[in-house]
Amino acid sequence: MDLPGISKDSIELRAASQNNGDTLLSFSDFSGGNYHSSHDDSTLRRLGKRPLLNRSFGFMSSLGLSCSVLLSWEGILVTSVPTFLSGGSGAVVWAFLIGWVGVTSVYAAVAELASVAPTAGGQYHWVAMMAPESCAIFLSYLTAWLTTLAWQVIAITTSYSVATIIQGIIVLAEPSYVAVSWHTMLIMWAAAVFSVLVNSTTGRVLAKFEGVVLILHLTGFFGVLIPLVYFAPHNTPADVFTTFSNNGMWSSQGLAFLVGVPTVASTLTGADCAVHMSEEVRQANVVVPRALLYTIFINGALGFAMVIALLFCISDVPAAVAAADTMFYPFLQIFESAVKSTTGACIMAGIVLVLAVASSISTYASASRMMWSFARDKGLPFDSYLVRLNKNALPLYAIAATMGITVLISLIVLGSSVVLSALLSLLLAAIYSSYLLACGLLLWRRCTGGFQPYVPGGDEDPRNAHQLSWGPWKLPEPFGTINNAFACVYTTFLLFWSFWPQSNNPSAADLNWSVVVYGVVVVFSIVWYVVRARHYFKGPIREV
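Reading guide: rules and limits
Counting from 1, residues in each chain are numbered in the order their sequence is written. This being a predicted model, a pLDDT of at least 70 is required before a residue's local features are given, and a value of 80 or more before pairs of side-chain atoms are given or counted; all residues contribute to the totals for chains, interfaces and linings. For the side-chain quantities, the full set of heavy atoms in the structure was used; hydrogens and water were omitted. Counting from the N terminus, the helices are the DSSP runs of H or I reaching at least four residues and the strands are the DSSP runs of E reaching at least two. C-alpha atoms define the radius of gyration, and 2.2 Å times the number of residues to the power 0.38 defines the globule rule. Each residue is placed in one exposure class: buried if its accessible area under a 1.4 Å probe, protein chains only, is under 20% of its type's maximum, exposed if it is over 50%, and partly exposed if it falls in between. In what follows, a contact means two residues having at least one pair of non-hydrogen atoms within 4.5 Å. Surface exposure here means Shrake-Rupley accessible area, sampled with a 1.4 Å probe, where a residue is shielded only by the protein chains that are shown. Here Asp and Glu are counted as negative and Lys and Arg as positive; His is not counted, and neither are the chain ends. In plain terms, the charge of a residue is placed at NZ if it is Lys, CZ if Arg, CG if Asp and CD if Glu. Each reported salt bridge corresponds to a side-chain nitrogen of Lys or Arg within 4 Å of a carboxyl oxygen of Asp or Glu. Any two rings among Phe, Tyr and Trp, with Trp reduced to its six-membered ring, count as a pair given centres within 6.5 Å; such a pair is stacked if its planes are under 30 degrees apart, edge-to-face if over 60, and tilted if neither. Here, over-ring charges are defined by two tests on the NZ atom of lysine or the CZ atom of arginine: distance to the ring centre within 6 Å, and angle to the ring normal within 35 degrees. Only buried residues count toward a nonpolar core. Its members are Ala, Val, Leu, Ile, Met, Phe, Trp, Tyr and Cys residues joined through side-chain atoms within 4.5 Å. Given a helix with a known number of residues, its expected span is that number minus one, times 1.5 Å. For every element, the axis is a line fit to its C-alpha atoms; helices are fit only across the contacting stretch, and the angle between N-to-C directions ranges from 0 to 180 degrees. An angle below 35 degrees is treated as roughly parallel, one above 145 as roughly antiparallel, one from 65 to 115 as roughly perpendicular, and anything else as oblique. By definition, turning the near helix anticlockwise from the far helix through less than a right angle yields a left-handed crossing, and turning it clockwise yields a right-handed one.

1. A look at the overall build of the protein
A tally of helices and strands in the protein yields 23 helices and 2 strands. Against the globule reference of 24 Å for 544 residues, the protein gives a C-alpha radius of gyration of 23 Å, in line with a compact fold. A principal-axis box enclosing the C-alpha atoms of the protein has dimensions of 70 × 50 × 45 Å. Residues counted as buried form 59% of the 544 residues belonging to the protein. The contacts of the protein with a sequence gap of at least 6 include a subset with a gap of at least 24, amounting to 84%. Of the accessible surface of the protein, which amounts to about 19,900 Å², a share of 70% is contributed by carbon and sulfur atoms. Side-chain charges of the protein comprise 25 positive and 27 negative groups, with the mean position of each set lying 10 Å from the other.

This is the structure:
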């Protein structure tokens, strides 16, 4: 049956069959075996896709992947400082709580969609399924570009973080070292190459690796938190929870607080990495949603604990601010000031570095799967190469292309780190735009009765092929609709404030360039779609 306005090769099948996911954990969740699940493959075929990748990931490895990419407590060591300087310690605490609540709502809605359609395409596939037929292909294309670019930016950002943390530790240990830009570039290349090497082994090795990373993520948290809290002098609770400032010279304290929210909230961004690995996850329509929510709960708790510890232990604010110019990250000076030992501070920073390297590996896995999926639907140049798999059923060309993009963009460091920061500012706006499109369409469909109830085994019934059906993981009503609406509100709120600079009347170096970069990307995507892409991109292609 052909649908008007949609190519026969496109996602005619606006449905998502599900399996019943009888169990959540098994021994294979830890061992990372390679095999295909008939239920998972049936669901994927129902979505029009051939099951080509090995399902090596279980719940624990998926959870490890998501926790690794988020780097919540590690990331808050970096993102809390700008908000602390502009809005005070109280702004950091309450901004993190607002972000935690908001992102939990967003990922709960994303989890529902992941249960409906567990595909590597994620957001753009869901948009194609739920959008009105008149604009489904265009919205799917725009969402795919935003999501693909966002994950490429995350890959570049993690490589840059690894490079600058290494240089910061060297400066901490040997103050005479000068962190020159070409050193940064070469370390970024090394981090990218190492990430590619690990991702080019087998899916089973990668799954086992993510299980180990989960353990390191949890134990490393205590390895940093305990010495920080034990040795450092403590500020008062009033200093931490009720101290607000307006160092950005905004017209009101409320405005100073709001512009700092996105910076802190960005710490909990990226959990949808598990979504893009869905075609390699066993019982994906149950495991991926649960991994998403567990990730947010665990990382939110760890991140909040680290926020409180950091703010209680900051003793020399001017020294920490000055450290940003020499060591890149103020937390390195905070560690040294807290434990009164350069060696101890280097060890603590080394824990953060190891986890940053692990995050780079996980990010490359997710970014390459997103690129591979978009190329599979003929949305990218050189798609015939990017979709190729090696003998271990890994998208090696997409992995290598991700490394190539990182290497090319890293050359900007030789000219100006400000320009690189401007490009990387695309991340938050791009990924939350994809969330907003998906969550907005989900709200529209659920309010208009567009989804049929979940029926166990419905993925075996061909009569369900042309209808939207809920997956086995779904929030109960009316809480699901309320949460969906709140997720749309929060995403819009975060998008709006993400374009604001940290201070009023900023210099070119301090300006938030994300609105410019984001605008250029969106305009280019629209123009390119009108001129070229509409002739060859027809939405998620039905392969079976």
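What follows picks up the thread again.
2. Overview of the pattern of salt bridges
All chains considered together, the criterion is met by 7 salt bridges. The partner of Asp 377 in a salt bridge is Lys 49, with the nearest N and O atoms 2.4 Å apart. In this pair, Asp 377 is assigned in the loop between helix H17 (342-376) and helix H18 (383-386) and Lys 49 in the loop between helix H2 (38-46) and helix H3 (59-70), connecting sequence segments 328 residues apart. The burial state of Asp 377 is the same as that of Lys 49; both residues are buried. For the salt bridge of Lys 474 with Glu 477, the shortest nitrogen-to-oxygen distance reads 3.2 Å. Residue Glu 477 is classed as partly exposed on the basis of its relative accessible area, which comes to 41%. Three or more residues are tied together by salt bridges with common partners; here these are Glu 112, Arg 446, Lys 474 and Glu 477.

3. A word on the packing of aromatic side chains
Tallied over the full model, the rule gives 28 aromatic pairs. Here Phe 328 and Tyr 329 contribute two aromatic rings whose centre-to-centre distance is 6.5 Å and whose plane-to-plane angle is 45 degrees, an arrangement assigned as tilted. For Arg 388, the ring lying beneath its charged end belongs to Tyr 397, and the centroid distance is 5.8 Å. Stacked on the ring of Trp 470, the Lys or Arg Lys 474 has its end atom at 4.8 Å from the ring centre.

4. A word on the nonpolar core
Formed by 135 residues in total, the largest nonpolar core has its most connected members in Trp 126, Met 130, Leu 228, Leu 292, Met 306 and Tyr 432. Tallying contributions element by element places helix H14 (residues 284-313) first for this core, with 16 residues. In contact with Tyr 432, other than residues within four places in its own chain, are Val 103, Thr 269, Tyr 490, Thr 491, Leu 494 and Leu 495. Ranked by size, the runner-up nonpolar core spans 18 residues in total, among them Leu 53, Ala 120, Tyr 124 and Ala 398.

5. Concerning helix H21 (residues 426-447)
Taking 1.5 Å of rise per residue, 22 residues should cover 32 Å, and H21 covers 32 Å from first to last C-alpha, within 8% of that figure. Burial analysis of H21 places 16 of its 22 residues in the buried class, the great majority of the element.

6. A closer look at the environment of Ser 38
Looking at where Ser 38 falls in the secondary structure, it is placed in helix H2. Residue Ser 38 is classed as exposed on the basis of its relative accessible area of 57%. In this structure, the C-alpha to C-alpha distance between Ser 38 and Ala 375, residues 337 residues apart in sequence, is 25 Å.

7. Digging into unusual backbone geometry
Note the cis peptide between Glu 477 and Pro 478, where omega equals 5 degrees. The residue Ala 393 is not glycine, and still its phi comes out positive at about 60 degrees. If you trace the backbone, Ala 393 turns up in the loop between H18 and helix H19 (396-410).

8. Concerning the packing of helix H9 (residues 203-231) against H17
Between H9 and H17, the least distance of the axes is 10 Å, while the angle of their chain directions is 150 degrees. Of the possible angle classes, the one that applies to H9 and H17 is roughly antiparallel. Classified by chirality, the crossing of H17 by H9 is left-handed. Along the contact surface, H9 presents Leu 206, Phe 209, Glu 210, Val 213, Leu 216, His 217, Gly 220, Gly 223, Val 224, Pro 227 and Leu 228, while H17 presents Met 348, Ile 351, Leu 355, Ala 358, Ile 361, Ser 362, Ala 365 and Arg 369.

Remember, this is a structural readout, not a statement about activity or role.
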